[in-house]
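Observations on the model geometry
This is what each chain is made of:
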Amino acid sequence: MPEGHTLHRLARLHQRRFGRAPVMVSSPQGRFVDGAAAVNGRALRKATAWGKHLFHHYEGGRVVHVHLGLYGTFTEVPLPMPLPVGQVRMRMIGAEYGTDLRGPTVCEVLAEPETADVIARLGPDPLRRDADPSLAWARIRKSRRPIGALLMDQSVIAGVGNVYRNELLYRHGVDPHRPGVRIEEEEFEAMWDDLVALMRIGLRRGKIHTIRSEDDHGLPPYAPGRPRTYVYRRAGEPCRVCGTEIRTEVMEGRNLFWCPTDQS
């Protein structure tokens, strides 16, 4: 599932490609016909993101809300666009570019005030300037759930996915099984600041990079498309710093990775 920086990059891209001009919107697949008709031909005022949610704000107060989920993707091409291939939920055509959306978990049209209802269910987004980390801390410090689960809870922090979760805990030497009530405020503040910095790197580069410069030497080649990581998807391999075998287990439905020595 794409992490938060991916949605912010999409918002910026769509703002640049389609913003402030009329957009032709259709649903070749047929599952978004009414929604497409509600915004077709209207100007896209702005594109925004909050966590893993993308919002296209059109003139007239309509908003297309997209959550990519596990399989959703946007593909963008210069005009003229070819005929749709596969299950295209939504097609957008602007002055110079078009984009097809396939496989999202959510693709719906909301009235502008309804976007607040979606956002109200989410925690602060580290990539937003208006993010208030105290809201996340208020939930973490009272919870007996493991911090490894809390970081993935979108109602606690919006936009954190499995890569950032695992890598952040490793970088701060925190056992993912430690309950939220046992996280010190100073630890949380350090992790939040680091998360903001890491996600900004992802936003800027378009890919996740979590290895500190002092550890980023003599590492083996990486498989194409795999992020450069300390522990994520490295089960059974030696820790890059101490050599201990990286462990894995399933925590609340998602694969967890950690070093039992550096995160003791």
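As the structure is a prediction and not an experimental result, all values here were calculated from the model.

Cut-offs used in this document
- Residues numbered from 1 in each chain as written.
- Predicted model: local features only at pLDDT ≥ 70, side-chain atom pairs only at ≥ 80, totals over all residues.
- Heavy atoms only, no water.
- Salt bridge = Lys/Arg side-chain N within 4 Å of Asp/Glu carboxyl O.
- Buried < 20%, exposed > 50% of the residue type's maximum accessible area, 1.4 Å probe, protein only.
- Domains from an automatic or database assignment.
- Buried area = accessible area lost by both parts, 1.4 Å probe.
- Polar contact = N/O pair within 3.5 Å; in protein donor to acceptor, adjacent residues only side chain to side chain.
- Nonpolar A, V, L, I, M, F, W, Y, C, P; charged D, E, K, R; others polar.
- Patch = residues over 30% accessible without salt bridge, like charges linked within 9 Å, V, L, I, M, F, W, Y side chains within 5 Å.
- Areas by Shrake-Rupley, 256 points an atom, 1.4 Å probe, with all protein chains shown as cover.
- Lys, Arg positive; Asp, Glu negative; His and termini not counted.
- Charge placed at Lys NZ, Arg CZ, Asp CG, Glu CD.
- Helix = DSSP H or I, 4+ residues; strand = E, 2+ residues; numbered from the N terminus.
- Core = buried A, V, L, I, M, F, W, Y, C linked by side-chain atoms within 4.5 Å.
- Contact = heavy atoms within 4.5 Å.
- Pairing = 2+ DSSP bridges.
- Axes fitted to C-alpha atoms, helices over the stretch in contact; angles between N-to-C directions.

Summed over the entire model, instances satisfying the criterion amount to ten salt bridges. A salt bridge links Arg102 to Asp100, with the shortest nitrogen-to-oxygen separation between them at 3.9 Å. Across the salt bridge formed by Arg128 and Asp130, the nearest N and O atoms sit 3.1 Å from each other. On the basis of relative accessible area, Arg128 is assigned to the partly exposed category, the value being 26%.

For the rest of this paragraph, the subject is the domain arrangement of the protein chain. For the protein chain, the assigned domains read domain 1 (4-121) and domain 2 (133-258). Relative placement of domain 1 and domain 2: their C-alpha centres are 30 Å apart. At the boundary of domain 1 with domain 2, total buried surface from both sides reaches about 840 Å², with 62% on carbon and sulfur atoms. The largest contributions to the domain 1 side of the interface with domain 2 come from His5, Arg9 and Lys52, which together make up 60% of the buried area. On the surface where domain 1 and domain 2 come into contact, there are zero salt bridges. Inspection of the region where domain 1 meets domain 2 yields four residue pairs in polar contact (both at pLDDT 80 or more). Grouping the constituent residues of the side of domain 1 that touches domain 2 by class yields one nonpolar, four polar and four charged.

Let us look at a negative patch on the surface. Judged by side-chain charge, Glu184, Glu185, Glu186, Glu189 and Asp193 come together as a negatively charged surface patch. With respect to the element layout, Glu189 can be found in helix α7 (residues 185-205).

Next up on the list: the nonpolar core. Core analysis: the biggest nonpolar cluster contains 34 residues, and Ile140, Ile147, Ile157, Tyr164, Ile183, Phe188 and Leu195 have the highest contact counts within it. Breaking this core down by element, the ones donating at least two residues are α4 (133-140), α5 (147-150), α6 (162-171) and α7. At eight residues, the largest contribution of residues to this core is made by α7. Not counting chain neighbours up to four residues away, the residues in contact with Ile183 comprise Trp137, Ile140, Ile147, Val174, Arg178, Phe188 and Met191. Counting 22 residues, the second-largest nonpolar core is a separate cluster that includes Phe32, Ala36, Val39 and Tyr58.

Attention now moves to the environment of Leu122. Positionally, Leu122 belongs in the loop between α3 (114-120) and α4. Once the C-alpha coordinates of Leu122 and Ile157 are considered, the two residues, 35 residues apart in sequence, prove to be 7.1 Å apart. Not counting residues within four places of it along the chain, the set of residues in contact with Leu122 comprises Trp50, His53, Gln154, Ser155 and Ala158.

The next thing to look at is a nonpolar patch on the surface. On the surface, a cluster of nonpolar side chains totalling about 370 Å² of accessible area is made up of Met1, Leu70 and Tyr71. Tracing the chain through its elements places Leu70 in the loop between β4 (62-67) and β5 (73-78).

What follows covers the sheet that holds strand β2 (residues 44-50). In spatial order, the strands read β2-β3-β4-β8; together these four strands make up an open sheet with antiparallel pairing. The open sheet has two free edges, formed respectively by β2 and β8 (106-111), since each of these has just one partner strand. Neighbour-to-neighbour, the strand axes of this sheet turn through a mean angle of 20°, independent of strand direction. With six bridges joining them, β4 and β8 adopt antiparallel strand pairing. Paired with Arg62 across the strands is Ala111, a residue of β8. Those strands touched by helix α1 (residues 4-18) are β2 and β3 (53-58), and its axis lies near 175° from that of β2.

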